[in-house]
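Residues per chain, in single letters:
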Amino acid sequence: MAKTAIITGGTVGIGYELSKLIAADGYDLILVARNEKTLKSVKKEIESSYRVQVETLSADLSDPKAPKKIFDFAKKSKAVVEILVNNAGFGTSGRYDRMDLEKEMDMIQVNVTALAELTHRFLQGMVERKSGKILNVASTSSFQPGPNMANYYAGKAYVLSFSEAVYEDVKDDGVTVTVLCPGPTKTEFFERADITKSKLLNNPLAPMMSAQSVAKIGYDALKKGKPVVIAGIFNWLLAQSVRFTPRFVVRKIAKFINQNG
Ligand SMILES: NC(=O)c1ccc[n+]([C@@H]2O[C@H](COP(=O)([O-])OP(=O)(O)OC[C@H]3O[C@@H](n4cnc5c(N)ncnc54)[C@H](OP(=O)(O)O)[C@@H]3O)[C@@H](O)[C@H]2O)c1
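Everything numeric here is computed off the predicted structure, so don't read it as measured data. (Residues numbered from 1 in each chain as written. Predicted model: local features only at pLDDT ≥ 70, side-chain atom pairs only at ≥ 80, totals over all residues. Heavy atoms only, no water.)

S.K.: Any details on the sheet that holds strand E3 (residues 54-58)? Residues and values, ideally.
M.R.: Spatially, the 7 strands line up as an open sheet ordered E3-E2-E1-E4-E5-E6-E9, and their pairing is parallel. On the outer flanks of this sheet lie E3 and strand E9 (228-230), each paired with one strand and no other. Taking the axes of each pair of neighbouring strands and ignoring which way they run, one obtains an average angle of 20° across the sheet. Pairing analysis gives 4 bridges linking strand E4 (residues 80-86) to strand E5 (residues 132-137), with the strands arranged parallel. For Val 85, the partnering residue across the bridge sits in E5 and is Leu 135. In the packing of helix H3 (residues 66-76) onto the sheet, the strands contacted are strand E1 (3-8), strand E2 (28-33), E3 and E4, and the crossing angle to E3 comes to about 150°. (Pairing = 2+ DSSP bridges. Helix = DSSP H or I, 4+ residues; strand = E, 2+ residues; numbered from the N terminus. Axes fitted to C-alpha atoms, helices over the stretch in contact; angles between N-to-C directions. Contact = heavy atoms within 4.5 Å.)

S.K.: Describe the pairing of E3, listing the residues and the values that go with them.
M.R.: Of the pairings in the sheet, the one linking E2 to E3 comprises 5 bridges and is parallel in character. Pairing of Val 32 across the sheet is with Leu 57, part of E3.

S.K.: So, helix H1 (residues 13-24): which residues are in play, and what are the values?
M.R.: With 12 residues, H1 should reach 16 Å at 1.5 Å per residue; the first-to-last C-alpha distance of 17 Å fits that figure. Along H1, 10 of the 12 residues are buried, which leaves the element largely enclosed by surrounding structure. Positioned one or two residues after H1, Gly 26 has a phi angle of 90°, which is positive. (Expected span 1.5 Å × (residues − 1). Buried < 20%, exposed > 50% of the residue type's maximum accessible area, 1.4 Å probe, protein only.)

S.K.: Summarise the pairing of E1; cite the residues concerned and give the values.
M.R.: If a strand is regular, its side chains alternate between the two faces of the sheet. When you tally the buried positions in E1, you get 5 out of 6 residues, the bulk of the element. Judged from the 5 bridges that link them, E1 and E4 form a sheet pairing that is parallel. By the bridge assignment, Ile 6 is partnered in E4 with Leu 84. Sheet analysis places E1 next to E2, joined by 5 bridges and oriented parallel. Bridging from a neighbouring strand, Thr 8 pairs with Val 32 of E2.

In structure tokens:
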């Protein structure tokens, strides 16, 4: 394989739009998601639209063995991984004590632990070659605590802090780490999280953006090697406002917005 990009959750939503943008720039792709049927159809679509090769790997990132499986798969296919996009993620909603514990622990594995392991594994080769770019998908949730979505918000806070720190660690070695913070975006995320009645979907302060425009903002920032990018002016303003608002007020507003009904 030629220069390659690995995209987790590259089959629908923001990840799918990122996959097309990266393919358009001539990168071969390794797409990772669970649903094999979707993986196959996206492979077919991208290979027929762009002059690139697409490999697919069905893996469940809630399985702690998945990151190594992905790394070994890339190694076996002799891919020179120039871009890693840690995009796969999901949310849940409700009072934390009433949440399904197994699902909450899976969320930490997918949204946090797998992202940290994949970053570590692929960073090694990038630093050795003095070339590579990583895009981690966080959220505007990264900037404040989120009652009713406690674990999701906390995980995204980790992704922001972790990515910025690793950016500083490796920036002098020709490798950049960019963290993308989208606000509410039109994807399958809300149905999957069973939060279709949340005020997040109808918040006049942060109107929903398309996955296409969010992906473009993220990919442009990755190409420029920017450490942090917040998708859209409304989301940027909201993220800034949190810094000047008392913490107890921020918590109350987040609790109100995250109500699912
Ligand atoms: N949509 C929003 O409003 C929003 C806002 C801020 C941040 N984000 C973040 O943006 C990222 C992408 O979200 P999206 O909105 O595009 O979501 P989406 O439409 O639900 O897509 C999620 C993608 O991740 C994959 N995925 C989910 N769980 C997985 C697992 N256990 N193992 C492997 N792959 C898995 C899915 O494929 P399979 O189901 O086939 O596995 C799918 O390709 C996430 O990290 C999300 O937290 C989204």
